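Chain residues, written in single-letter form:
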Amino acid sequence: MNGIKTRLKALPPVSWMLVLIIVIFSLASPNYFSLSNFRNILIQATPLMIVAFAQTCIILTQGTDLSLGAQVSFVTVMIVYLAKKGVPLFASMIIAVLLTVLIGTVNGTIVAKGNILPFIATFGMQNIVNSISLLLTSGSSIYYPSYTYRFVAESTFLFVPMMVWICALMFILVWIVLRKTKFGTNIRGLGGNREALALAGISPVKNLIKTYAFAGFIAGIAGIITLCRVESGQPTVASGWEFQAVAATLLGGTSLREGKGGVTGTIFGVLLITIVKNGLNIIGIRSIYQNAIIGSIVLTAIIVDAIIRIRSKE
Amino acid sequence: MGKTILTAVGITKVFPGMKALDKVDFDLRAGEVHILVGENGAGKSTLAKVILGVYKQDEGEVFFEGEKMEVSGTKDAIAKGIVAVYQEFTLIPYLSVAQNIFLNREFRTKLGFIDHKKMESEAEALLKSLNCEYINIKAPVKQLSVAEQQMVEIAKALSYKPRVIIFDEPTSALSDREAESLFAQIHNLKKKGIGIVYVSHRMEEFPKIGDRITVLRDGKKIATIGINDCTDHELITMMVGRDVSQVYVRTQNEHKGEALRTEDLSDYSGKVKGVSIVLNRGEIVGIAGLVGSGRTELAQLIYGINPIKTGKVYVNGREMMPKSPVNAVKHGIGLVSEDRKKYGLALGEAIAFNAISVSLKKIFPKFFMNKRKIYDIAKQNVDQLRIVTTSVHKQCKFLSGGNQQKVVLAKWLNFNPQIIIFDEPTRGIDVGAKMEIYKLMDRLAAEGKAILMISSELPEVIGMSDRIYVMHEGRMVDECKRGEFTAEQIGSRMLGLGVGGR
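Rules used throughout
Residues numbered from 1 in each chain as written. Chains lettered and ligands numbered in written order. Predicted model: local features only at pLDDT ≥ 70, side-chain atom pairs only at ≥ 80, totals over all residues. Helix = DSSP H or I, 4+ residues; strand = E, 2+ residues; numbered from the N terminus. Rg over C-alpha atoms; globule rule 2.2 N^0.38 Å. Contact = placed C-beta atoms within 7 Å. Pairing = 2+ DSSP bridges. Core = buried A, V, L, I, M, F, W, Y, C linked by C-beta atoms within 7 Å. Buried ≥ 20, exposed ≤ 12 C-beta atoms within 10 Å, placed from the backbone. Domains from an automatic or database assignment. Nonpolar A, V, L, I, M, F, W, Y, C, P; charged D, E, K, R; others polar. pLDDT = per-residue confidence, 0-100. Axes fitted to C-alpha atoms, helices over the stretch in contact; angles between N-to-C directions.

Here we come to the overall build of chain A. The helix and strand inventory of chain A stands at 14 helices and four strands. The C-alpha atoms of chain A give 20 Å as radius of gyration, which agrees with the globular expectation for 314 residues (20 Å, within 12%). Each principal axis of the C-alpha distribution contributes one length, and for chain A these read about 65 × 60 × 40 Å. A fraction of 78% describes how many contacts in chain A between residues 6 or more apart in sequence connect residues 24 or more apart.

Written out as structure tokens, the structure reads:
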């Protein structure tokens, strides 16, 4: 009994909100509580989920990467651009992901070597990457159909959509990195106590660069999945995702201080945001109100979390 | 005593604007504890860091087992078996105890992943050898107490199987009992032939563990002597460079009426349970108690840092609800916090900034500030408190601990509060600075200020206080006047033991 109780308490507050919100939507709309809708939610959540995994790694180092959304859009554009030039689709994908790894490396180098606030450095990068995407497409989206997309976007394996499988794989990857590798230990150390790392003979600079490059890689994968869903290179498809990913990560209990948290909580954070969006659509709330509602939920969750933290201190 | 394992010859290290070490010689034998003492800024830490390879010396050489050491960075020093237990913790808050101990030397499975099981069993064995099996090795170190973290820090050092360990003020975070068990560990390490460099201010510890003492002053080596070859008095004189006949200065003053009173004060955490105290003007009142007895929490309640559950606080006879430090300051209460780096100073800001930070409104009642005036006030503080610095524009993080504490004091002196709470006012600072702080406290009391002093150093409480309250597990268990108490009495009351008939 006690074990269950402590385990329930260990869940981030966002998981309770999740249950509450599902109940509210189910009561508000008879169409809401259905298997097909939940399947929809999962599929909708996937690209943001993967971006949020990347953002979680960055936030654990006490940073934020505001270029992640731009990187996702860039990947869709780059793949289509290369494919139209005759590069095989698969090769284009690999090149695009390598480029996001490069973008991440540059981000990390600026942040670590220049000792520049991460949000400033990555904000600059966001603008640069966005501009490149717009240049390559002359500002509009470029349609590029392929059967390969269907395998990712529409096929299922064991009744579960392939996209969800890919997302699960990415989760396992990031979870293992954080929990089972030296690199992951160092990521936590970067956020927790950089001097301790240096004194143990670990280079904070190298590891910070690696973390941003790793985030770039994950964003690249998110970009491929996004392309498979939208079947075109869209220079603004993922704009704002970096902030939603920050919100989801914070909702999931990862702290901007001290390297606290992890990627498991982030799942709940992303699900919450996606479920709210999906529910608001189903009950017919106009999209101009949706951002305000999501913003309020993010603030509420963070305030609740803060109150719990203050209470536990008293 | 074993043979010499480490020798430093003619070490000189120059920092911009100061010579931190000036041709210092030092040697360490296997199986000895070599204590390094000196005032803050005397060069103890710099010497330790040269040995550890954190700093590169400008002149001189270090030999390890007869061979010249060419180290750059702690990694090389660690590889040779020279490790340190730092005063500032070098733990990562949300990694487990085991992960922290084996940071950068993680055990791996065949697949190359971290082997948590093996790491945890090794960590468990290490902590057991330190008699600390109660520490949960799976818990993030953030959840441990300061003392437990210190033990983890020591376990980490031991896990390198070192030949030389440098302890930098290891007991500053420990209670007396924990310190005793640390000393027992140090004795075990000695028996194993490990050479130990022990940096400390606490003179009462020296005879318990030390073999030889090296005194540094202003970057120069003053002497290296056997532990039994000098008296405390001689040692202090060597450190400070002048004769100091008495450490504690307390001129009796008349008490001029009540300044602060609490009635049945309790907090939400249960660390303070129904505490009533009275503090008069012109009086220094000490609060004695073990670490965790609720001393600091009491101060935080009065100062409005933590909310009050029940009870009342009166300032000058009028009830005051301590809602926040802002409110406390308005009522003329100042707090010299036990953690000056966290609560006392803006470390990245200049001395002048910190010195006037509380009194801005007082100094500049109108809208604009005047740089010249700030400079003059700060300059006056620096001269009066003898803060060692090249300029009042120096950032506080570059000052030594004692000088930082003086800046905190300057901040309050400028504000001129009527009630001042000193929480561990001399933690981690050297004898010279300590004495100056005692003098200042005495002077403040003479000026009619009411002073509440919280300290875990019993000699300090006894030496300075007109009255002492003893706290034990959140309750006030005793109160006695100057001259009515002995150290043994108060010590036993702190442990919760009764004193004959009471």
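Structure shown, so let's carry the discussion forward.
As a further point, take the sheet that holds strand E1 (residues 4-15) of chain B. By way of backbone hydrogen bonds, the strands of a sheet pair with one another, either parallel or antiparallel. Residue and element names in this part refer to chain B. The strand order across the open sheet formed by four strands is E2-E1-E4-E5, and the pairing between neighbours is antiparallel. Single-partner strands in this sheet number two, and they are strand E2 (18-29) and strand E5 (67-68). Judged from the two bridges that link them, strand E4 (residues 59-64) and E5 form a sheet pairing that is antiparallel. Paired with Phe-63 across the strands is Lys-68, a residue of E5.

Grouped together as the largest cluster of nonpolar side chains are 153 residues, with contacts concentrated most on A:Ile50, A:Val51, A:Ile218, A:Leu272, B:Ile51 and B:Ile165. At 13 residues, the largest contribution of residues to this core is made by helix H11 (residues 204-230) of chain A.

According to the domain assignment, chain B consists of domain 1 (4-240), domain 2 (249-332 + 417-502) and domain 3 (340-416). Distance from the C-alpha centre of domain 1 of chain B to the C-alpha centre of domain 3 of chain B: 33 Å.

Okay, the interface of chain A and chain B next. Taken together, the contacts link 18 residues of chain A with 20 residues of chain B. For the side of chain A that touches chain B, the secondary structure elements donating two or more residues are helix H9 (182-192) and helix H10 (194-199) of chain A. At five residues, H9(A) tops the list of elements feeding residues into the side of chain A that touches chain B. Residues of the side of chain A that touches chain B, tallied by class, amount to four nonpolar, seven polar and seven charged.

Once that is clear, we can look at the environment of B:Glu283. Residues and elements named next belong to chain B. Along the polypeptide, Glu-283 turns up in the loop between strand E12 (275-280) and strand E13 (284-288). For Glu-283, a count of 23 C-beta atoms within 10 Å corresponds to the buried category. Distance in space between the C-alpha atoms of Glu-283 and Ser-465 is 7.9 Å, their sequence separation being 182 residues. Residues in contact with Glu-283, not counting those within four places in the same chain, are His-255, Ala-445, Ala-450, Asp-466 and Arg-467.

The next thing to look at is the confidence of the model for chain B. Atom-level detail of predicted coordinates should not be read off regions where pLDDT is low. With 97% of its residues at a pLDDT of at least 70, chain B reaches an overall mean of 85. When pLDDT is averaged over each element of chain B, strand E18 (residues 450-454) of chain B comes out on top at 93 and helix H18 (residues 487-494) of chain B at the bottom at 75.

The next point concerns the sheet that holds strand E16 (residues 333-336) of chain B. Residues and elements named next belong to chain B. With respect to topology, six strands assemble into an open sheet ordered E16-E17-E18-E13-E19-E20, the strand pairing being mixed. Each edge of the sheet is formed by a strand with only one pairing partner; in this case those strands are E16 and strand E20 (475-481). Strand-to-strand twist in this sheet, taken as the mean axis angle between neighbours without regard to direction, amounts to 20 degrees. Pairing between E13 and E18: four bridges, direction parallel. Bridge assignment links Gly-286 to a residue of E18, and that residue is Met-453. Where helix H16 (residues 431-446) meets the sheet, it contacts E13, strand E17 (419-423) and E18, and its direction lies at approximately 145 degrees from that of E18.

Most of H9(A) is tucked away, with nine of its 11 residues classed as buried. Every buried residue of H9(A) is listed here: A:Gly184, A:Thr185, A:Asn186, A:Ile187, A:Arg188, A:Gly189, A:Leu190, A:Gly191 and A:Gly192. Turning to H9(A), the residues buried within the fold contact helix H3 (35-60), helix H8 (162-180), H10 and H11 of chain A together with helix H3 (97-101) of chain B.

Here the focus is the environment of B:Thr7. Residues and elements named next belong to chain B. Summarising the element assignment, Thr-7 is placed in strand E1. By the C-beta count within 10 Å, which is 18 here, Thr-7 ends up partly exposed. Distance in space between the C-alpha atoms of Thr-7 and Phe-64 is 6.5 Å, their sequence separation being 57 residues. Sequence-distant contacts of Thr-7, defined by excluding residues within four places in its chain, comprise Asp-27 and Phe-63.

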